[in-house]
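Architecture and fold: a report
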Amino acid sequence: MRESNPSVTAAGAPDPAVPADPDEIAELRRVAVHLARTAADHVRARRPEVFGAGEDAEGAVQAKSSPTDPVTVVDTEAEQLIRRMLADLRPGEQVLGEEGGGSLGGAGEIVWVVDPIDGTVNFMYGIPAYAVSVAAMRGGRSLAGAVVDVAAGLVYSAGLGGGATRTEPDGTSIPLRCTEVGEVGMTLLATGFGYGAARRARQGQLIGALLPHVRDIRRIGSAALDLCMVAAGRADAHYEHGLNTWDWAAGALIAAEAGARVVLPPAGTVSKSGELVVAAAPGIAAELMELFDRLGVSEAILED
């Protein structure tokens, strides 16, 4: 399977160019889980207040890149909460957030990459598939990350070289492994769509071309959760064009640590470039990428 970023490896093995101490990674993972859990608690508590039955949510939602790309007041609140906690827990470290922006910092710096609600449309409609995603990166590579499925109360987390787990609401921790599927024809394939009309049209064409070759396709509405589903064996692969770094920074590490083969654009690549993100169970990875190459799925889909 091709890897578009040489710092990404099949199972998340450390890159010599990005020194990583196991104790440091364990601490970064602990902090990521704490941040994501706390923000998820806030998101969970605020949803009925903002979108409760009979409530007027006017003013709580604004459009971003297009009228179909929303941000809510709760997205902003959750990211601000994470930023305040980081200022106390890890003073001086960089933050790159979906709503508040930021940068990846210098080569040796830790930067926290935050998606306060991945799956905002689901959140607005009350569809229980939205997540808080927090990752610690250095040198463009994720060292630790956590994704919290807000509605289900599930915490997915991973540390580079330390494996991936799902923690249940009762505190039970379950090691994650990809499925053992061995042929693309039996693949449950997850994906997502962009917000621009031309990109969506092309993505629809590709779905039509792929569908005869796989078991089925799922569109959940949260890339972070899709990647965790691959890690947990609830999907065999995920692919999507035009994700931002905060969409995959935690989830791709979790998938890789569960054994997935992962293809990522360089950290910092923006949605506009339309590059492909893939996480696939190892038994189908090579065949799936060959299919993607043959059907044109591997090509970037630029924003309109």
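Let me sum up the structure you'll find in this document.

Rules used in this analysis
Residues numbered from 1 in each chain as written. Predicted model: local features only at pLDDT ≥ 70, side-chain atom pairs only at ≥ 80, totals over all residues. Heavy atoms only, no water. Patch = residues over 30% accessible without salt bridge, like charges linked within 9 Å, V, L, I, M, F, W, Y side chains within 5 Å. Areas by Shrake-Rupley, 256 points an atom, 1.4 Å probe, with all protein chains shown as cover. Salt bridge = Lys/Arg side-chain N within 4 Å of Asp/Glu carboxyl O. Helix = DSSP H or I, 4+ residues; strand = E, 2+ residues; numbered from the N terminus. Buried < 20%, exposed > 50% of the residue type's maximum accessible area, 1.4 Å probe, protein only. Expected span 1.5 Å × (residues − 1). Contact = heavy atoms within 4.5 Å. Pairing = 2+ DSSP bridges. Phe/Tyr/Trp six-rings, centres within 6.5 Å; stacked < 30°, edge-to-face > 60°.

**Description of a nonpolar patch on the surface**
- Nonpolar side chains collect at one region of the surface, where Val121, Tyr125, Ile127 and Tyr195 lie side by side and expose about 390 Å² of accessible area between them.
- If you trace the backbone, Ile127 turns up in the loop between helix H3 (120-125) and strand E5 (131-138).
- Overall, Ile127 belongs to the partly exposed group, its relative accessible area being 41%.

**As for helix H2 (residues 73-89)**
- Helix length check: H2, at 17 residues, gives a terminal C-alpha distance of 24 Å against a target of 24 Å (1.5 Å per residue), a fit within 8%.
- Where H2 is concerned, the buried positions are Val74, Asp75, Glu77, Ala78, Glu79, Leu81, Ile82, Met85 and Leu86.
- The inward-facing, buried residues of H2 contact helix H1 (22-51), strand E2 (70-72), strand E3 (94-97), strand E4 (110-118), H3 and E5.

**Quick word on the pairing of E4**
- Of all nine residues that make up E4, nine are buried, and the element is covered over most of its length.
- As defined by bridge partners, E3 adjoins E4 across four bridges and the pair is classed as parallel. In the strand pairing of E4, Leu96 is matched with Val113.
- When E4 meets E5, the two strands line up antiparallel, connected through seven bridges. Bridged to Val111 within E5 is Met137.

**Thoughts on the environment of Thr187**
- The residue Thr187 is located in the loop between strand E9 (173-175) and strand E10 (188-191) in this model.
- According to the relative accessible area criterion, Thr187 is buried, its value standing at 0%.
- For the pair Thr187 and Arg215, spaced 28 residues apart in the sequence, the C-alpha separation amounts to 5.1 Å.
- Discounting residues that sit within four places of it in the chain, Thr187 has contacts with Val181, Val214, Arg215, Asp216, Asp236, Ala237 and Ile284.

**Observations regarding the packing of aromatic side chains**
- By the definition in use, this model includes three aromatic pairs.
- Relative to Phe123, the ring of Phe51 has its centre 5.6 Å away and its plane inclined at 90°; by these criteria the two rings are edge-to-face. Of this pair, Phe51 sits in helix H1 while Phe123 sits in helix H3, and the two are 72 residues apart along the sequence. There is no split in this pair, since Phe51 and Phe123 are both buried.
- Aromatic side chains Phe123 and Tyr130 sit 5.2 Å apart centroid to centroid with 75° between the ring planes, which places their arrangement in the edge-to-face category. Across the pair, exposure class does not vary: Phe123 and Tyr130 are buried alike.

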